[in-house]
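# Descriptive analysis of the structure
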Amino acid sequence: MPTDSPSATPHPIISVERFNYAYGDHQVLFDVDLPIRSEDVTAFIGPSGCGKSTLLRSINRINDLVDSARVVSGTIKVDGVDLYSPEVDPIALRRQIGMVFQKYNPFPRSIFENAVYGLRVAGITDKAELMDAAERSLKAAALWEEVKDRLQELATGLSGGQQQRLCIARAIALQPRILLMDEPCAALDPIATAKIEELILSLRGSYTFVIVTHNMEQAKRIADRTTFFYKGKVIETGDTLDLFTKPGNKLTEDYVTGRLV
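Conventions adopted
Residues numbered from 1 in each chain as written. Predicted model: local features only at pLDDT ≥ 70, side-chain atom pairs only at ≥ 80, totals over all residues. Heavy atoms only, no water. Core = buried A, V, L, I, M, F, W, Y, C linked by side-chain atoms within 4.5 Å. Buried < 20%, exposed > 50% of the residue type's maximum accessible area, 1.4 Å probe, protein only. Helix = DSSP H or I, 4+ residues; strand = E, 2+ residues; numbered from the N terminus. Contact = heavy atoms within 4.5 Å. Pairing = 2+ DSSP bridges. Axes fitted to C-alpha atoms, helices over the stretch in contact; angles between N-to-C directions. Expected span 1.5 Å × (residues − 1). Arc of directions from axis to C-beta. 1 Å grid on protein atoms, 1.4 Å probe; cavity = no way out; pocket = protein on both sides within 12 Å on 5 of 7 lines; lining within 4 Å. Points joined across faces, edges and corners; volume = space filled by probe spheres on them. Nonpolar A, V, L, I, M, F, W, Y, C, P; charged D, E, K, R; others polar.

### A few points about the nonpolar core
- Membership of the largest hydrophobic core comes to 51 residues, with the highest contact counts inside it found for Ile45, Leu138, Leu166, Ile200 and Phe209.
- Counting residues per element, this core draws most heavily on helix H7 (residues 160–172), at six residues.
- When sequence neighbours within four positions are dropped, the list of residues in contact with Phe209 reads Asp40, Val41, Thr42, Leu179, Met181, Ile200, Leu203 and Arg204.
- In terms of nonpolar packing, the next biggest core, distinct from the first, is built from 29 residues, Ile14, Leu34, Ile178 and Leu180 among them.

Below is the structure:
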C-alpha cells in the first residue's frame, strides 16, 4: 500500500482513483490512487518505465493521441469532474491543463507567434489582446527582458533554455490552472536548468505543477510533495523532505539512497 501523511488528503485539485492504464495489451499503471493538492509543486520520481510519464500524460489526455493507449479502469478527476467522461472535450481540457515536454519544441515561427499560438487557435485575433497576453506570459516565464526587442525573430534562434522558457510562456498564455512538465530540464545545461527551477519556484502558488523528473536533487529543490513510482504503482507519496529523509517504505528508501535503480 502507498504510504502518505494525513495532510495530503483534504481537497485535492487532482484525484487519481484506482487508475489502470495500458498500451494495447501491455498494462503500465496499476490501481494508482493519488491526490494532488492545488498550487503545490508535485514531483514524480522513479526508474525509467515505471509509469510516471504515462500518468502525467493521462492527466490532460494527450495520450489519447496514441492509438493503442486506453484506460482499463478507474478515474482521474479535477475538482470532482471525471476527465474521461464523454462530456469532457479533450481540446478544451488541454487549455486548462498545459503541458511542457522534455525536449523544447517551439514552432518554426516568431517568438511572438509562439507565445500567442494557443490564443490564436482559440480564435482570438485582436492585436492588442494578443500583445498583452504575449507580454504577460513572457514576463511570467522570465523571458520578456531578453526578447522584448526581437519578438518577430524566429524562436528557433533562441538558446535551449530560452526556448524551453518560451514553451512555458506558450503554455501559460492560456492561463491554465495546472501545468504538467515531463522532465523539462533533461535537455538543458546546469545554468539553464537553474533558471527553469527558479521560474517554477517563482510561479509556485499561481499554478498547480506536476513534474516528472529523474533528478532527485531537483525534486528536493523545487517540489512541495513527491511521489515515488515503481513498476507502474505508487509506492509512496508525501511531503518531499519526509519522503527523502524518513521514507515509510523500504523500496522508497532503497531508491532515494541509490540502492534501487
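Let us keep going from here.
### Digging into the sheet that holds strand S1 (residues 12–23)
- Read from one edge to the other, the open sheet built from four strands follows the order S2-S1-S4-S5, with strand pairing classed as antiparallel. With one partner strand each, in any of the chains shown, strand S2 (26–37) and strand S5 (81–82) form the two edges of the open sheet.
- Relative to S5, strand S4 (residues 69–78) runs antiparallel, the two being bridged by two bridges. When the sheet's bridge partners are listed, Lys77 is paired in S5 with Asp82.
- Running over the sheet, helix H1 (residues 52–59) touches S1, S2 and S4 and is turned about 120 degrees from S1.

### A few points about helix H8 (residues 190–203)
- In this model, H8 (14 residues) spans 20 Å end to end at C-alpha, consistent with the 20 Å of a helix rising 1.5 Å per residue.
- If you check which residues of H8 are buried, you get Ala192, Thr193, Ile196, Glu197, Leu199, Ile200 and Leu203. Relative to the axis of H8, the buried residues are bounded by an arc of 155 degrees and lie together on one face. Counted as exposed and oriented over 90 degrees from the buried face of H8: Pro190, Ile191, Glu198 and Ser202.
- Residues of H8 that are buried make contact with strand S3 (41–45), helix H5 (127–140), H7, strand S7 (178–182), strand S8 (208–212) and helix H9 (216–222).
- Of the residues flanking the end of H8, it is Gly205, one or two places downstream, whose phi is positive at about 95 degrees.

### Examining the side chain of Thr193
- In this structure, Thr193 sits in helix H8.
- Classification of Thr193 by relative accessible area gives buried; the value is 11%.
- The contact partners of Thr193, leaving out residues within four places of it in the chain, are Cys185, Leu188 and Gln218.

### A word on the layout of surface pockets
- Empty space within the largest pocket amounts to approximately 590 Å³.
- Around the largest pocket, the lining is made up of 20 residues, and of these Arg94, Met99, Tyr117, Gly118 and Leu174 lie nearest the centre.
- Those elements that place two or more of their residues in the lining of the largest pocket are helix H2 (90–96), strand S6 (97–100), helix H4 (117–121) and H7.
- Considering every element that reaches the lining of the largest pocket, the biggest residue donor is S6, with four residues.

### Side note on empty space enclosed by the protein
- For the structure shown, the criterion picks out one cavity of 30 Å³ or more.
- Quantified by volume, the largest cavity comes out at close to 30 Å³.
- Contributing elements (two or more residues each) for the lining of the largest cavity: S2 and strand S9 (225–230).
- For the lining of the largest cavity, the per-class residue count stands at three nonpolar, three polar and two charged.

### Brief notes about H5
- The end-to-end C-alpha distance of H5 is 20 Å, a good match for the 20 Å that 14 residues give at a rise of 1.5 Å each.
- Within H5, burial applies to Leu130, Ala133, Ala134, Ser137 and Leu138. Projected down its long axis, H5 carries its buried residues within an arc of 120 degrees, all on one side.
- If you follow the buried residues of H5, they end up packed against helix H3 (111–115), H4, helix H6 (144–147) and H7.

### Quick word on unusual backbone geometry
- Phi angles above zero are rare outside glycine, and Arg61 is one such case at about 60 degrees.
- Mapped onto the fold, Arg61 is located in the loop between H1 and S4.
- You can call Arg61 buried: its relative accessible area is 11%.
- The backbone phi angle of Glu183 is positive, close to 50 degrees, even though this residue is not glycine.
- Taking the relative accessible area as the measure of exposure, Glu183 reaches 15% and is therefore buried.

### With respect to the pairing of S2
- Here eight bridges tie S1 to S2, and the two strands are oriented antiparallel to one another. Among the inter-strand pairings, Ser15 is bridged to a residue of S2, identified as Pro35.
- Between S1 and S2, which pair antiparallel one after the other, the connecting turn spans two residues, and Gly24 there sits at a positive phi close to 60 degrees.

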